[in-house]
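Descriptive structure summary
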Amino acid sequence: MTDNRVPVLIVGAGAGGLSTSALLAKHGVRSLVVEKRREIFIYPKARNLSFRSLEILRGLGLADRVHAVAEGVSDMLTKVSLRSTQAQQAFDVDAIFAPFDDLSPEPSAQYCPQSALEPMLLEHIRGQGSEVRYGTELCSFEQDDTGVTAVVRNSDTGSAEVVRADYLIAADGVRSPARDALGIPTSGHGALPIYVVFIYFRGPWRQFVPKLGDGDAIQVANDDVDGIFLPVHDDFGMFVTTYLPGRGETAEQFTAEHCRQLLTRAIGEHIDIEIVEVTPWQPYERVADQFRCGRVFLVGDAAHAMPPFKAGGANCAIQSAHNLAWKLAAVLAGKADPLLLDTYDVERHPVGRFSARQSLTGPVLPLLRLDDTGPGLSPGEEAPMFDLLIGYRYWSTAVLTDEPPPCDPSVASLVTDLRGQPGTRVPHVWLTHGGQRVSTLDLLGPGFAVLTGSGGERWRSAAAQTSKALGIALPVHRIADEQWARTTGLAPDGAVLVRPDDFVGWRADALPVDPGAALQRALSTILALG
C-alpha cells in the first residue's frame, strides 16, 4: 500500500468534481480526482449550460471550446413518427432564454452535454498539473484536526493507496457513499415516481431527420410509442421513453428485441438497428441537510440532486464548485481563516434546496408518458427562471451589508435584478478596454477586485494599502461608463469589492472618509480575519 499527499482529494469526476478541480487549479491548488468509472461519460446527459455556468468556464479560458460544440441551446420538435414530414415545435426554447440575453457576455444558454464538457475539463485539469484517475474508487476515509486520510483502490489491479489530504470533496453522486459514511441526512422527495429507460442504439436513423443538430431532439408520440430521440454522434442515438409500473410495466421488459420493436414503431419503418445498451433511471429530488462536515464538503448531486426538467443539476454543481474553490484556496494559502469555509454551506445550501425544488417541474415534463409526475409544485410556487439562473443573493459573513438579514436564512434570498447588491453576481456591462469590447466580468481575475467609477482614483491607493497589509493582490478598475453607473447606482467615486467567484462582497455607494481603512476592514471580515 503506497502513500500520497495532496491538498485536496476529490471523489467523483462528473461536472461537479471536475469543475472543482479545474477551479482549484485556477487558484494554484493541486488536487487528485478519483472516479470509479473507467472512462469519461460518453452519453449526452446534462445537455444545456446556463449563462452563469458559461461565465465560469469563460473564466477558465474554455469559452471558445464550449462555443465550438454547437450554436445555442438544444431544440425539440414533435412528430407522430421519425419519418413523418410533419413537425411542430415542442416548446419555444428561445422564449425561455431570450429575456436573459443582456445579462451576460455569454449566450443565455448553450448546448454542451456532459460528454463534451468532461473531456474539456479533464484536459484542462491535467494541463494545470492536477491528476484524474479513472477506475479508482474510495474505499474508506477518516478525518482529524489537520486533514483527511483516505484509502483508494484501483479497480483493475486491486492495489490500494493511502491518500492524505487537507480536505476531501465528495462529488460522488446522488447515492454518495461518502455522504452516507459521514451520516449526513437528506431531505426532499428522493426518487420520483417517474420511470425512465434510455435505449442506446446504432442504425441509419438520422436519414429521416437530416437537419437534426447534435444538440436537438425529436419527440415521437403516436398510439404505439411515446419517446424522445437524441443524437449521440453519427448514427449512434439514444431513445428516451418511460414505463408505468401501475400498469404492470417493468424495466425488465425492455429486452433488445422489445427495444428494436419500439424503435421501429417510433421511426415508422423498419431499419437495421443494433441495441447497444439499455439503462433504467429515476430522477431524484434530494438535498443533503448540510454541505460540510469537518474537512469534507459535498458538491454536485451528493449535495443537491434534482430532476433535469430545468437543466439545473450540472449548472448548480458548477456554481457550487465556484463558490467553494476560492475559499479552499484562500485557507490553504493562509490568506483566510478556516471559518471562511463555513460560508460554503451557509451560501449554497439555500440555493441548492431552492434549485432542487424548482426543478420538480419544467417544459420537458409534459412531453413524457407518465401516470404520476410526482409531487410537483403547488399553485403559484413556481419561480421565474431568472430566480433560478442568477436571481439568488448570498447572506453570510463573507458578504458585508448594512441591510437587515432575511428572517429565515435557510430559504433562498431572491432579487429581481442585479445592481451590484452585496451577495449578488456583479452586473455585466459591455465596455471598451484596451481597444477591445469586454465585459465587466472580463476585468475580474482569479482573486478579489475593486470596481469603481470615473471618480474613483483614490481607491487605487486604498487597494495598495490593503494589499500590503493582507498580502493579497487587489487590482482596481475604474469604469467611466454611464451604463455601469445607471445599473449599479454608484456615485462616480463609489466602488464594489468583488470576490473571486464574481459576487459582490462589499459595496461603498460613495467614497468613505478613509477608503483604505474601510476596504481593509471589509476584506478582512470577508476572509474571517477579524
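Please refer to the structure placed before this passage.
What comes next concerns the included structure. Sequence order sets the numbering: in each chain, residues are counted from 1 along the sequence as written. Note on the predicted model: pLDDT of at least 70 is required for a residue's local features to be given, and 80 or more for side-chain atom pairs to be given and counted; whole-chain, interface and lining totals, by contrast, use all residues. Heavy atoms throughout the structure, all of them, feed into the side-chain values; hydrogens and water do not.

**Let's talk about the overall build of the protein**
The line we're drawing: Numbering goes from the N terminus for both helices and strands, where a helix is a DSSP run of H or I of at least four residues and a strand is a run of E of at least two. Here the globule rule is a power law, 2.2 Å times the number of residues to the power 0.38, and the radius of gyration is based on C-alpha atoms. Three exposure classes are used, based on accessible area relative to the maximum for each residue type with a 1.4 Å probe and protein chains only: buried under 20%, partly exposed in between, and exposed over 50%. We call two residues in contact whenever any of their non-hydrogen atoms come within 4.5 Å of each other. For every accessible area listed, the method is Shrake-Rupley and the probe measures 1.4 Å; residues are considered covered only by the protein chains on display.
On a plain count of helices and strands, the protein comes out with 13 helices and 28 strands. Since a compact globule built from 530 residues should have a radius of gyration of about 24 Å, the 24 Å found for the protein is in line with a globular shape. Looking at the protein residue by residue over its 530 residues, the buried ones come to 57%. Taking the intrachain contacts of the protein between residues at least 6 apart in sequence as the baseline, contacts between residues at least 24 apart amount to 72%. Accessible area of the protein: about 21,600 Å², with a carbon and sulfur share of 49%.

**Some points on helix 11 (residues 458-470)**
The line we're drawing: Given the number of residues in a helix, its expected span is that number minus one, multiplied by 1.5 Å. This arc corresponds to the set of directions leading from the helix axis out to the C-beta atoms.
Across its 13 residues, helix 11 extends 19 Å between first and last C-alpha, which sits within 8% of the 18 Å expected from 1.5 Å per residue. Trp459, Ala462, Ala463, Thr466 and Leu470 are the residues of helix 11 that are buried. Taken down its axis, helix 11 places every buried residue within 95 degrees of arc, on the same side. Of the surrounding elements, those touching the buried residues of helix 11 are strand 25 (449-452), strand 26 (476-478), strand 27 (495-498), strand 28 (504-508) and helix 13 (515-526). Count one or two residues on from helix 11 and you reach Gly471, which has phi positive near 70 degrees.

**What to know about the sheet that holds strand 4 (residues 76-79)**
Note the cut-off: Criterion used throughout: strands pair if DSSP finds at least two bridges between them. Axis definition: a line fitted to C-alpha atoms, limited for helices to the stretch in contact. Angles are taken between N-to-C directions and run from 0 to 180 degrees.
Within the open sheet, the seven strands sit side by side as 5-4-13-14-15-12-16. Their pairing is mixed. Single-partner strands in this sheet number two, and they are strand 5 (88-89) and strand 16 (274-281). Bridge count between strand 4 and strand 13 (residues 217-221): four bridges; the pairing is parallel. The residue bridging Leu77 from the neighbouring strand is Ile218, located in strand 13. Contacts from helix 7 (residues 256-267) reach strand 12 (196-202), strand 13, strand 14 (226-233), strand 15 (236-242) and strand 16 within the one sheet, and its direction differs from that of strand 16 by about 100 degrees.

**Observations concerning the sheet that holds strand 25**
Spatially, 26-25-27-28 is the arrangement adopted by the four strands of the open sheet, whose pairing is mixed. Both outer strands of the open sheet, strand 26 and strand 28, are each paired with one neighbouring strand and no more. On average, adjacent strands in this sheet sit at an angle of 20 degrees to one another, irrespective of strand direction. In this structure, strand 27 lies alongside strand 28, joined through four bridges in antiparallel fashion.

**Things to note about the nonpolar core**
The nonpolar side chains of soluble globular proteins are, as a tendency, buried together. This is how the line gets drawn: Only buried residues count toward a nonpolar core. Its members are Ala, Val, Leu, Ile, Met, Phe, Trp, Tyr and Cys residues joined through side-chain atoms within 4.5 Å.
If you look at the biggest cluster of nonpolar residues, it comprises 89 residues, and the most contacted ones within it are Leu9, Leu121, Phe141, Trp459, Leu497, Trp506 and Leu519. The greatest single-element share of this core, amounting to ten residues, is contributed by helix 8 (residues 313-332). Other than its neighbours up to four places away in sequence, Phe141 contacts Val148, Thr149, Ala150, Leu168, Ala178, Ala181, Leu182 and Val296. Met76, Ile228, Phe236 and Ala412 belong to the second largest nonpolar core, which has 38 residues in total.

**Digging into the side chain of Ser108**
Definition in use: Distance and chemistry together define a polar contact, namely a pair of N or O atoms within 3.5 Å, with one atom able to donate a hydrogen and the other to accept it when in protein, and with adjacent residues in sequence counting only for side-chain atoms on both sides.
Mapping Ser108 onto the fold places it in the loop between helix 4 (93-97) and strand 6 (109-111). On the accessibility criterion, Ser108 (9% relative accessible area) is buried. Among the polar contacts made by the side chain of Ser108, one reaches the main-chain carbonyl oxygen of Phe97 at a distance of 3.3 Å. Those residues in contact with Ser108 that lie beyond four places of it in its chain are Ser50, Phe51, Phe97, Phe100 and Asp101.

**Overview of the packing of aromatic side chains**
Put simply, the rule reads: Only Phe, Tyr and Trp rings are paired, with Trp represented by its six-membered ring, and only when their centres lie within 6.5 Å; those with planes under 30 degrees apart are stacked, over 60 edge-to-face, the remainder tilted. A ring is scored as having a charge over it whenever the NZ atom of a lysine or the CZ atom of an arginine sits within 6 Å of its centre and within 35 degrees of its normal.
On inspection of all chains with the given rule, the structure shows 17 aromatic pairs. Measuring from ring centre to ring centre gives 5.7 Å for Tyr392 and Tyr394, while their planes differ by 35 degrees; the resulting arrangement is tilted. For Tyr394, a relative accessible area of 2% translates into the label buried. An aromatic cluster is defined as three or more aromatic residues linked by ring pairs; in this entry it consists of Tyr167, Phe291, Phe297 and Tyr344. Here the basic side chain of Arg202 rests over the ring of Phe236, its NZ or CZ set 4.5 Å away from the ring centre. When the ring centre of Trp430 is taken as origin, the NZ or CZ atom of Arg437, which lies over that ring, is 3.9 Å away.

**Notes on the environment of Arg292**
Mapped onto the fold, Arg292 is located in strand 18 (residues 292-293). In this structure the C-alpha to C-alpha distance between Arg292 and Val225, which are 67 residues apart in sequence, comes to 45 Å. Other than its neighbours up to four places away in sequence, Arg292 contacts Phe297, Pro338, Leu341, Asp342 and Asp345. A polar side-chain atom of Arg292 sits 2.5 Å from a polar atom in the side chain of Asp342.

**Comments concerning helix 1 (residues 15-26)**
Here helix 1 contains twelve residues, and its C-alpha end-to-end distance of 16 Å stays within 8% of the 16 Å for a straight helix at 1.5 Å per residue. The element helix 1 is extensively covered by neighbouring structure, given that eleven of its twelve residues are classed as buried. By the burial criterion, the buried members of helix 1 are Ala15, Gly16, Gly17, Leu18, Ser19, Thr20, Ser21, Ala22, Leu23, Leu24 and Ala25.

**Let's talk about the packing of helix 1 against helix 5 (residues 114-127)**
Between two packed helices, what matters for the description is the angle formed by their axes and the separation of those axes. The line we're drawing: What sets the label is the angle itself: under 35 degrees gives roughly parallel, over 145 gives roughly antiparallel, 65 to 115 gives roughly perpendicular, and the rest give oblique. Crossings are assigned a handedness: left-handed for a near helix turned anticlockwise from the far helix by less than a right angle, right-handed for a clockwise turn. Three classes are used: nonpolar for Ala, Val, Leu, Ile, Met, Phe, Trp, Tyr, Cys and Pro, charged for Asp, Glu, Lys and Arg, and polar for all others, with Gly counted as polar.
Contact geometry of helix 1 with helix 5 gives a least axis separation of 9 Å together with a crossing angle of 30 degrees. Regarding the angle of helix 1 to helix 5, the classification is roughly parallel. Two packed elements cross with a definite hand, and for helix 1 against helix 5 that hand is left-handed. Judged by residue contacts, Ala15, Leu18, Ser19, Ser21 and Ala22 of helix 1 engage Gln114, Glu118, Leu121, His124 and Ile125 from helix 5. Of the residues assigned to the contact of helix 1 with helix 5, the class counts are five nonpolar, four polar and one charged.

**Some remarks on the pairing of strand 13**
Along any regular strand the residues' side chains alternate between the sheet's two faces. In terms of residue burial, strand 13 counts as a mostly covered element, since four of its five residues are buried. Here four bridges tie strand 13 to strand 14, and the two strands are oriented antiparallel to one another. Bridging from a neighbouring strand, Val220 pairs with Gly227 of strand 14. Where strand 13 folds back onto strand 14 in an antiparallel hairpin, the turn is made up of four residues.

**Here we look at unusual backbone geometry**
For Asp502, which is not glycine, the phi torsion reads 75 degrees and is therefore positive. By secondary structure assignment, the location of Asp502 is in the loop between strand 27 and strand 28. A residue is classified by how much of its surface remains accessible, and Asp502, at 9% relative accessible area, is buried. Its identity as a non-glycine residue notwithstanding, Ala528 has a phi of 60 degrees, on the positive side.

**Observations regarding the pairing of strand 9 (residues 148-154)**
Pairing between strand 8 (residues 136-143) and strand 9: seven bridges, direction antiparallel. Residue pairing across strands places Gln143 opposite Val148, the latter belonging to strand 9. Remark: four residues form the turn of the hairpin made by strand 8 and strand 9, two consecutive strands paired antiparallel. The pairing of strand 9 with strand 10 (residues 160-170) spans six bridges and is classified as antiparallel. Looking across to strand 10, one finds that Thr149 is bridged to Arg164. Where strand 9 folds back on strand 10, the antiparallel hairpin that results is connected by five residues, among which Gly158 adopts a positive phi of roughly 80 degrees.

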